[in-house]
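Observations on chain architecture
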Amino acid sequence: MAYRIGLPHYANTAPLVHFLEPPRGIELRFGVPTELNRWLVEGDVDLSLVSSYFYLGERGALRALPDFSVAVLGSVYSVNLFHRKPWDALRRIALTSESATSVRLLAHLLEQSGVEAELEPTNVGLEGLDHYDGVLLIGDRALEAYASLLDRTPPSVHALPTRPAGIYVTDLAMRWFRATHLPFVFAVWATRAGEQPPPEVVALLRHARRTGLGRLAEVARAESERLGIPETLLQHYLWNFRYHLEAPDRLGLEAFAQAVGLGGPEEYWSV
């Protein structure tokens with residue numbers, strides 16, 4: 001039976017996946033984060049990228065790889081709340097159904113700032129701003145929505161606007177950073193607790209990551225063509241990520257766990 005690896009098909013994981021060439025006996029299965037979470041606990045995949053909020057809530061049932069993450073220190077650019085009213089005036093927000101972590105992070109940030117908003121799961125894009133005060137988008141949809149608000153010629157990637165076309169774009173990871181001065185971890189690689197991943201699978205993932213980061217311009221070019229987003233914007237977006245679950249990332253993950261009432265000891269595979 002094939003060893004099954006679960007992956008989201010987002011640009012932010014492209015450096016991990018673009019050069020991943022599974023040999024015979026290893027199968028890749030793609031889905032959105034909420035699907036991957038479910039597949040892992042139900043046994044439909046053996047190793048998967050899972051959202052950090054889900055992992056923290058299932059720490060007794062799951063165990064993470066020690067040196068893999070999808071994290072940022074500051075802006076992430078693809079977990080965005082789009083809104084026309086100022087943050088403090090938000091009362092009704094449309095939520096993505098793709099990620100429990102981003103929804104919980106938004107709820108925490110709203111609570112911390114004393115904003116009481118109704119959060120409604122739905123599947124809308126920027127057109128939802130005709131009916132909602134804000135719309136939460138993640139992944140490629142958030143990146144594409146942001147890019148669509150920019151002028152045809154993008155500004156300097158070092159000075160990206162936070163209110164293009166008159167719409168506020170609140171980057172949730174940046175708001176977290178301003179409050180904590182810590183990275184935010186969006187995802188980790190995990191297996192079920194009693195099923196250690198084969199060393200050759202972990203080595204395959206590390207090789208793909210090393211190659212992807214070493215040839216990031218190629219990855220950015222391919223994702224730019226896939227999404228129709230300027231290559232300079234894609235490359236800036238990708239080099240911003242932290243993929244190694246280093247000590248600051250673990251501190252950020254634990255801070256998020258404490259913030260949402262899921263604190264407890266972390267357990268990682270020794271591989």
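A brief report on the enclosed structure follows. (Residues numbered from 1 in each chain as written. Predicted model: local features only at pLDDT ≥ 70, side-chain atom pairs only at ≥ 80, totals over all residues. Heavy atoms only, no water.)

Within the secondary structure layout, Arg226 lies in helix H8 (residues 216-227). Of the residues examined, Arg226 reaches a relative accessible area of 36% and is grouped as partly exposed. Separated by 97 residues in the primary sequence, Arg226 and Leu129 place their C-alpha atoms 26 Å from one another. Apart from the residues lying within four places of it in its own chain, the contact partners of Arg226 are His9, Tyr10, Ala11 and Asp140. In terms of polar contacts, Arg226 uses its side chain to reach the side chain of Asp140, at 2.8 Å. (Helix = DSSP H or I, 4+ residues; strand = E, 2+ residues; numbered from the N terminus. Buried < 20%, exposed > 50% of the residue type's maximum accessible area, 1.4 Å probe, protein only. Contact = heavy atoms within 4.5 Å. Polar contact = N/O pair within 3.5 Å; in protein donor to acceptor, adjacent residues only side chain to side chain.)

Here Phe184 is to be found in strand S11 (residues 184-192). As a C-alpha pair, Phe184 and Ala173 span 11 residues in sequence and 6.2 Å in three-dimensional space.

With that settled, the discussion passes to the packing of aromatic side chains. Taken as a whole and assessed by the stated rule, the structure comprises 8 aromatic pairs. Ring centres 5.1 Å apart and planes at 90° place the aromatic pair Tyr237 and Phe241 in the edge-to-face group. Given the relative accessible area of 1%, Tyr237 is considered buried. Of the residues examined, Phe241 reaches a relative accessible area of 8% and is grouped as buried. Over the face of the ring belonging to Trp87 we find Arg175, whose NZ or CZ atom lies 3.9 Å from the ring centre. (Phe/Tyr/Trp six-rings, centres within 6.5 Å; stacked < 30°, edge-to-face > 60°. Lys NZ or Arg CZ within 6 Å of the ring centre and 35° of its normal.)

Attention now moves to the sheet that holds strand S9 (residues 134-138). Sheet architecture is open: 5 strands sit in the order S8-S7-S9-S6-S10, paired in mixed fashion. Every other strand in the sheet has two partners, leaving strand S8 (118-121) and strand S10 (168-171) as the edge strands with one partner each. When the angles between neighbouring strand axes are averaged without regard to direction, this sheet yields 25°. Note that strand S7 (residues 92-95) and S9 share 2 bridges and pair parallel. The residue of S9 that forms the bridge with Ile93 is Gly134. (Pairing = 2+ DSSP bridges. Axes fitted to C-alpha atoms, helices over the stretch in contact; angles between N-to-C directions.)

Turning to unusual backbone geometry, a few remarks are in order. Phi is positive for Tyr77, which is not a glycine, with a value near 70°. Inspection of the secondary structure assignment puts Tyr77 in the loop between strand S5 (70-72) and strand S6 (79-83). Overall, the relative accessible area of 19% leaves Tyr77 in the buried class. Phi is positive for His181, which is not a glycine, with a value near 60°. Among the structural elements, His181 can be located in the loop between helix H6 (172-180) and S11.

Quick look at the packing of H8 against helix H9 (residues 231-239) now. At a minimum axis separation of 8 Å, H8 and H9 run at an interaxial angle of 125°. One finds that H8 runs oblique with respect to H9. In the crossing of H8 with H9, the sense of the turn from one axis to the other is right-handed. Residues Leu216, Ala217, Val219, Ala220, Arg221, Glu223 and Ser224 of H8 lie in contact with H9, whose contacting residues are Glu231, Leu234, Gln235, Leu238 and Trp239. Within the contact of H8 with H9, the residues separate by chemical class into 7 nonpolar, 2 polar and 3 charged. (Parallel < 35°, antiparallel > 145°, perpendicular 65-115°, else oblique. Left-handed = near helix turned anticlockwise from the far one by under 90°. Nonpolar A, V, L, I, M, F, W, Y, C, P; charged D, E, K, R; others polar.)

Inspection of the secondary structure assignment puts Leu62 in strand S4 (residues 62-64). A relative accessible area of 1% means that Leu62 is categorised as buried. On a C-alpha basis, the gap between Leu62 and Ala89 in space is 39 Å, while along the polypeptide they are 27 residues apart. Once residues within four sequence positions are removed from consideration, Leu62 is found in contact with Leu40, Val41, Phe54, Tyr55, Ala190, Thr191, Arg192 and Ala193.

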